[in-house]
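Structure at a glance
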Amino acid sequence: MSNNERITENMVRKKLEKAGISEANGFLIEEQKSQSPIITNLLKKSSKSGGGHGKPEFLISKNDERDFILVIECKPDGKHHESKDKNQFKDYAVDGALLYAAHLSKEFNVIAIGISGQAESLLKISTFLHPKGASSANILFDENNHPIEKIISWKRYIDRATFDPALAKARHSDLMKFSRELHNYMRDYAKITEAQKPLLVSGILLALMDKGFEKAYIAYEGEDLAQETFHAIKSVIGKAQLGDTQDSKKRAVINAFSFIEHHPELHKIDKKKNESPLLHIIRDLHVHVNPFTKDHYDFDIIGNFYGEFIRYTGGDGKGLGIVLTPKHITDLFADLAKLNKNSVVLDTCCGTGGFLISAMKKMTKDVSSDEKKYILDNSLIGIEQEPQMFALAVSNMILRGDGKTNLYQGSCFDETLFDKVKGKASAGFINPPYSQKGEDLHEWNFIIQLLNALQKNAVGIVIVPMSLAIAKHPLREQLLKEHRLEAVMSMPDDLFYPAGSVPCIMLFTAHVPHDSDSHHETWFGYWKDDGFRKDKILGRIPKDEKLWTKIKEKWIVDFTNRKEILGISARRKVGINDEWCAEAYLKTNYEILDPKDFTKTAIMFAAFMLENGDISFAKEIFANKKIVLNLSDRKWEYFSIVNLFELERGKCGSAEKLLEKGDEINYIGAKKENNGFMYKVVRDEKFVTKGNGIVFIGDGQGSVGYSTYQPNDFIGSTTLSIGRNKNLNRYIGLFIVALLDKERFKYSFGRKWNGEKLKNTKIKLPVDSSGNPDWQFMEDYIKSLPYSAEI
């Protein structure tokens, strides 16, 4: 190392000291090498000249931010600051820093800094972030979106790094992985109940807020550790400000954690591992989760663990009985309500506090410290009846550092409690308990109670099962007498995966009667695709973070404008007896018909026929064609199913007895695949449906809303409806089935396709000069398609 380089390093040391990054302030500052075996191993093959051990100028870490490391590489000459391709590792400061970051990022989130120059005026500083597990580093920006070109405080580095979407995604993924591992460990060793698992996590995280406990817990074990943990929990809760009746609130919360002190399996020392499950769990949470609680202010950490834990128990039968709202939806609520620093938000079934945390994030954005304190002290109100869930909510808010003042434990239907919150909130959010028994515990009761508690003209937003939007209910009349239904958005069917409820979002204006404006129309949005996918291990995750952001922005614009968009949104004047969902009013976009849809339908049918030993249809459609007809050169009109077909129902409720006796006829079930074929059964004439009909699948998970054409006699499930028309043949049937599949998006397990919905379904068909369906064109079109090109 040259003396010139030492000049640069001395300048860096002074700037680090000035920024508060010093050993006196609890930082570990290492030069050239590290005493950590993990870091040493990672740098083993990171030499800038290739092959040897890397020796960065500075390696900086902090005990309570264990997943972050700061690496600095220096060069004396500003000309050697950064190469064009950043691959001249030995000669350039930035290139060298990024090389080290690439190796260290296997285990850490790395802030990589390249510094060059020997004079203050000539000093160049470039800062990058390489998230753990990421393939590359990116420039780290300050609060004004400018590249960071100076040494700043550790807190600012962490704040800016955690703002990075790639890092947030990586840390969230790590948290998911850890929660799975923790769940398995607690199942195998801790022997605690499903309800106690999230309480144990939140209790330990509270205890780690006690600085004395955080530093000393490693010195305790067994019963002593259990007592110290519970004592630290009581201390942290005791210092919290929980508003009026806070003594009783604190007792209720502390009581929920009391099992930690007395549970024999938790503090029982495993002789093989030479530690208790409690010590193992505390240490893991300290390393993996405690930093997350400090950095991700807007994240429902306890809710995340709760949601992950119940995924591994096959549901929530043994847990606390709550289905939590995904974070991207709680954030969406805050955007739909247009929250700002002057808003006051109420959640009367607050669970772990997810809605309140999203509201907190939205309301405290770009505010002063005094404004933020006011918001946290006064503007977030939550009610939760279940004692253990209330303890989780309080814990969650304490872990945010603030915002726990106005949480109440009790029923939102309790008059005394209701009077405390009534008229304070300008916005209300709720995910009410589903499937509650008793007349006073219907979802509508919770919704009405929320709206009644809000200010006049406040916005109330709820997420509920689609059945509420479809089914008539006497409480609808009570609701609309006092409050106005502004909008309903149909949400993804699997939003609450693995729970099976199909949800929708409803938005109301409180204390404005629905019919006070005779011209009022409710807006209905079809928001079925949020850009997420199901993962067997991670649950429901975004395909791409940018995609969800783009989708959400589009949703907010559509909701704000409230225009009718073909296939996406509709406006209707609705009352208590109408369906309150977009599917009932959306028109299908027939302007985008694709010949390939018809070709696919016919080929799948041909495959089904071949499996059943009939080669005639395949021969016909693969014969040479003269010309493909055009769908767009003729007039199309709408026709109702009831006006096109004579309808009947399938006749067989169960195929089990028929299965035992023979294989003479097809049994057709509620599925689209293989033309609905399930198996061969004995022919029992009382169950037989004649062929040459279109089957409408009215019920059945996954296939409701689809249709098939059945050329031959069959036995059908009672969930099916069959349509007949004297003009029907296999070609016309397939043409209509291809069109009916365009209507399928309107139906789901939560909205069945039977009864009046089926009869009133309208499809658009080509018509002849008299305005009647052009049956001949439909037949000729299917015959004309170039099938061989699609095989």
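Residues numbered from 1 in each chain as written. Predicted model: local features only at pLDDT ≥ 70, side-chain atom pairs only at ≥ 80, totals over all residues. Heavy atoms only, no water.

Structural notes on the sheet that holds strand E26 (residues 720-724)
- Taken in spatial order, the 4 strands make up an open sheet running E19-E26-E23-E24, and their pairing is antiparallel. Two strands lie at the open edges of the sheet, namely strand E19 (646-649) and strand E24 (707-710), each paired on one side alone. On average, adjacent strands in this sheet sit at an angle of 30° to one another, irrespective of strand direction.
- In the sheet, strand E23 (residues 693-697) pairs with E24 via 4 bridges, with the strands oriented antiparallel. (Pairing = 2+ DSSP bridges. Helix = DSSP H or I, 4+ residues; strand = E, 2+ residues; numbered from the N terminus. Axes fitted to C-alpha atoms, helices over the stretch in contact; angles between N-to-C directions.)

Side note on the packing of helix H6 (residues 196-207) against helix H11 (residues 277-288)
- Where H6 meets H11, the axes come as close as 10 Å, and the angle between the chain directions of the two elements is 65°. Taken together, H6 and H11 sit at an angle that is classed as roughly perpendicular. With respect to the hand of their crossing, H6 and H11 are arranged in right-handed fashion. Taken together, the residues of H11 that come into contact with H6 (itself represented by Leu200, Val201, Ile204 and Leu205) are Leu278, Ile281, Ile282 and Leu285.
- Residue composition of the contact of H6 with H11, by class: 8 nonpolar, no polar and no charged. (Parallel < 35°, antiparallel > 145°, perpendicular 65-115°, else oblique. Left-handed = near helix turned anticlockwise from the far one by under 90°. Contact = heavy atoms within 4.5 Å. Nonpolar A, V, L, I, M, F, W, Y, C, P; charged D, E, K, R; others polar.)

So, the environment of Lys124
- Position of Lys124 relative to the elements: it lies in strand E5 (residues 124-130).
- What makes Lys124 partly exposed here is its relative accessible area of 40%.
- In the structure, Lys124 is positioned 45 residues away from Lys79 in sequence and 9.9 Å away in space, judged by C-alpha atoms.
- Filtering out sequence-adjacent residues up to four positions away, Lys124 remains in contact with Gly78, His81, Gly114, Ile115 and Ser116. (Buried < 20%, exposed > 50% of the residue type's maximum accessible area, 1.4 Å probe, protein only.)

A few points about unusual backbone geometry
- A positive phi is found at Lys86, a non-glycine position, where the angle reads about 55°.
- Mapping Lys86 onto the fold places it in the loop between strand E3 (68-75) and helix H3 (93-104).
- What makes Lys86 partly exposed here is its relative accessible area of 32%.
- Unlike most non-glycine residues, Asp366 shows phi in positive territory, near 60°.
- Note on placement: Asp366 falls in the loop between helix H15 (354-363) and helix H16 (369-378).
- Its relative accessible area of 75% is what places Asp366 among the exposed residues.

Overview of the environment of Leu407
- With respect to the helices, strands and loops of the structure, Leu407 is situated in strand E9 (residues 406-409).
- Under the relative-accessibility criterion, Leu407 is labelled buried at 2%.
- Beyond its immediate chain neighbours, meaning those up to four positions away, Leu407 contacts Lys249, Cys350, Leu356, Gly382, Phe390, Ala393, Val394 and Met397.

Some points on the confidence of the model for the protein
- With 90% of its residues at a pLDDT of 70 or more, the protein shows a mean pLDDT of 87.
- Put simply, helix H12 (residues 290-295) is where the protein has its lowest mean pLDDT, 64, and strand E12 (residues 484-490) is where it has its highest, 98.
- The low-confidence segment residues 314-321, where pLDDT is below 50, has 16 contacts with residues more than four positions distant or belonging to other chains. (pLDDT = per-residue confidence, 0-100.)

Structural notes on the packing of aromatic side chains
- In total, this model carries 30 aromatic pairs according to the counting rule given.
- Their ring planes at 35° and their centres at 4.9 Å tell us that Phe598 and Phe735 sit as a pair that is tilted. Of this pair, Phe598 sits in helix H23 (residues 595-611) while Phe735 sits in helix H27 (residues 730-740), and the two are 137 residues apart along the sequence. Both residues of the pair, Phe598 and Phe735, count as buried.
- Judged by centre distance (6.4 Å) and plane angle (25°), the ring pair of Trp636 and Phe735 falls under stacked. Remark: Phe735 occurs in helix H27 and Trp636 occurs in strand E18 (residues 636-640); sequence separation between them is 99 residues.
- Taken together, the ring pairs connect Trp523, Trp527, Phe532, Trp548, Trp555 and Phe559 into an aromatic cluster.
- Taking the ring centre of Phe27 as reference, the NZ or CZ of Lys62 above it sits at 5.4 Å.
- For Arg634, the ring lying beneath its charged end belongs to Phe777, and the centroid distance is 3.8 Å. (Phe/Tyr/Trp six-rings, centres within 6.5 Å; stacked < 30°, edge-to-face > 60°. Lys NZ or Arg CZ within 6 Å of the ring centre and 35° of its normal.)

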